[in-house]
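Structural features, examined
Below, each chain spelled out in residue letters.
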Amino acid sequence: MSGNANSGTNSVSNGPTAPGATGELVLVMDFGSQTAQLIARRVRELNVYCEIHPFHHFPPVTPETKGVILSGSPSSVRDDSSPRIDLDAIRRKVP
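Residues numbered from 1 in each chain as written. Predicted model: local features only at pLDDT ≥ 70, side-chain atom pairs only at ≥ 80, totals over all residues. Heavy atoms only, no water.

**A closer look at the pattern of salt bridges**
Within this structure, the stated rule accounts for two salt bridges. A salt bridge links R41 to E45; the nearest nitrogen and oxygen atoms lie 3.3 Å apart. Here R41 pairs with E45, and both are found in helix α1 (residues 36-45), just four residues apart, close to one helical turn. Since its relative accessible area comes to 47%, R41 is described here as partly exposed. The class of E45 is partly exposed, set by a relative accessible area of 43%. The salt bridge partner of E45 is R42, with a shortest N-O separation of 3.0 Å. Placement of both E45 and R42 in helix α1 is noted, with a separation of three residues, approximately one turn of the helix. You can call R42 partly exposed: its relative accessible area is 45%. Through salt bridges with shared partners, one network takes in R41, R42 and E45. (Salt bridge = Lys/Arg side-chain N within 4 Å of Asp/Glu carboxyl O. Helix = DSSP H or I, 4+ residues; strand = E, 2+ residues; numbered from the N terminus. Buried < 20%, exposed > 50% of the residue type's maximum accessible area, 1.4 Å probe, protein only.)

**Description of the nonpolar core**
Core analysis: the largest hydrophobic core is formed by eight residues, namely L25, L27, M29, F31, Y49, V68, I90 and V94. With three residues, strand β1 (residues 25-30) is the single largest residue contributor to this core. Residues contacting M29, with those up to four places away along its chain left out, are H53, P54, F55, H57, F58, P59, V68, I69, L70 and S71. If you look at the next biggest cluster of nonpolar residues, it comprises seven residues, including V26, V28, A40 and V48. (Core = buried A, V, L, I, M, F, W, Y, C linked by side-chain atoms within 4.5 Å. Contact = heavy atoms within 4.5 Å.)

**A short note on unusual backbone geometry**
If you check the backbone angles, N47 has positive phi at about 60° while not being a glycine. Structurally, N47 can be placed in the loop between α1 and β2 (49-54).

**Side note on α1**
Residues of α1 that are buried include every one of A36, A40 and V43, and no others. Along the axis of α1, the buried positions cluster into a sector of 60°, meaning they face one direction only. Next to the buried residues of α1 lie β1, β2 and β3 (65-71). Where α1 ends, the next residue or the one after it, N47, has phi of about 60°, a positive value. (Arc of directions from axis to C-beta.)

**Here's the deal with the environment of V61**
Note that V61 resides in the loop between β2 and β3. C-alpha separation for the pair V61 and V94, spaced 33 residues apart in sequence, amounts to 8.6 Å.

Below is the structure:
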């Protein structure tokens, strides 16, 4: 048996590994959603580089940033104590 359990087991590409590959970047801001990973996977399947970030760590928006997806549950939207972020960094810049 080989000492490396992962050798040769992952031959499926999950999309670009850097924004330079396509020049496009989509950010997924995770507010505790169970589907943030699935959303990112679907974006990557479209050959667009995608990064998931927690809601409290909003990365800078660069010219490569083509979109931002806010991912959370319906209860987190309606709850008065739900997390909030300042959307001024992305308003009128990216969809």
